[in-house]
Amino acid sequence: MPTFSSNPLNALSYSKIFSKNPALFGVPFVLLIVGASYGLQQFTQTRYELHDQKVTAMSKEQELGLAKNRRKIDIREEYFKLSASSAEDWEPKRIQRPTGLPEWGVPPPEPPTS
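Criteria and thresholds
Residues numbered from 1 in each chain as written. Predicted model: local features only at pLDDT ≥ 70, side-chain atom pairs only at ≥ 80, totals over all residues. Heavy atoms only, no water. Helix = DSSP H or I, 4+ residues; strand = E, 2+ residues; numbered from the N terminus. Areas by Shrake-Rupley, 256 points an atom, 1.4 Å probe, with all protein chains shown as cover. Salt bridge = Lys/Arg side-chain N within 4 Å of Asp/Glu carboxyl O. Buried < 20%, exposed > 50% of the residue type's maximum accessible area, 1.4 Å probe, protein only. pLDDT = per-residue confidence, 0-100. Patch = residues over 30% accessible without salt bridge, like charges linked within 9 Å, V, L, I, M, F, W, Y side chains within 5 Å.

**Brief notes about the overall build of the chain**
Then step 1. Per the secondary structure count, the chain includes four helices and zero strands.
Then step 2. Carbon and sulfur atoms make up 63% of the accessible area of the chain, which totals about 12,000 Å².

**Concerning the pattern of salt bridges**
Then step 1. All told, the structure shown has three salt bridges when counted by the stated rule.
Then step 2. Across the pair K81 and E77 runs a salt bridge, and its minimum N-O distance is 3.7 Å. Taken together, the positions of K81 and E77, both in helix α4 (residues 75-88) and four residues apart, correspond to about one turn of that helix.
Then step 3. The exposure class of K81 is partly exposed, given its relative accessible area of 43%.
Then step 4. The class for E77 is partly exposed, based on a relative accessible area of 39%.
Then step 5. Here E78 and K81 are joined by a salt bridge, their closest N and O atoms 3.9 Å apart. Taken as a pair, E78 and K81 lie in helix α4 at a separation of three residues, close to a single helical turn.

**Comments concerning the confidence of the model for the chain**
Then step 1. Confidence along the chain averages 77 in pLDDT terms, with 75% of residues attaining 70 or more.
Then step 2. The lowest-confidence element of the chain is helix α3 (residues 60-68), averaging 69 in pLDDT; the highest-confidence one is helix α2 (residues 23-56), averaging 86.

**Here we look at a nonpolar patch on the surface**
Then step 1. A cluster of nonpolar residues, L12, Y14, I17, F18, L24 and F25, forms a patch on the protein surface that exposes about 620 Å² of accessible area.
Then step 2. Those elements that place two or more of their residues in the nonpolar patch are α1 (13-20) and α2.
Then step 3. If one sorts the elements of the nonpolar patch by residue count, α1 sits on top with three residues.
Then step 4. Secondary-structure assignment places L12 in the segment before α1.

This is how it looks when you write it as structure tokens:
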């Protein structure tokens, strides 16, 4: 004879319900997970909004100081400045060819000795 009987005398009513329909145990768990996700979304949104306020907070003096020192930039003007300066800054110079190397287009008769 087994120590514990397989069907207890005073079985709880909710254990009978869960044994017949196990989805009743899983549905509240899923609802808890989904509800916690929406609840935590509010906290994280508040966190990032506060961070944005700290980053973008600027005093009126700082705003006025930035507006005074700016100059208008024209992209065509900048392009012409760069193209004019790059043509004047260099000139082609010929360097001495190492001994034993022929002119361009002529294959070397033998490998150069170093």
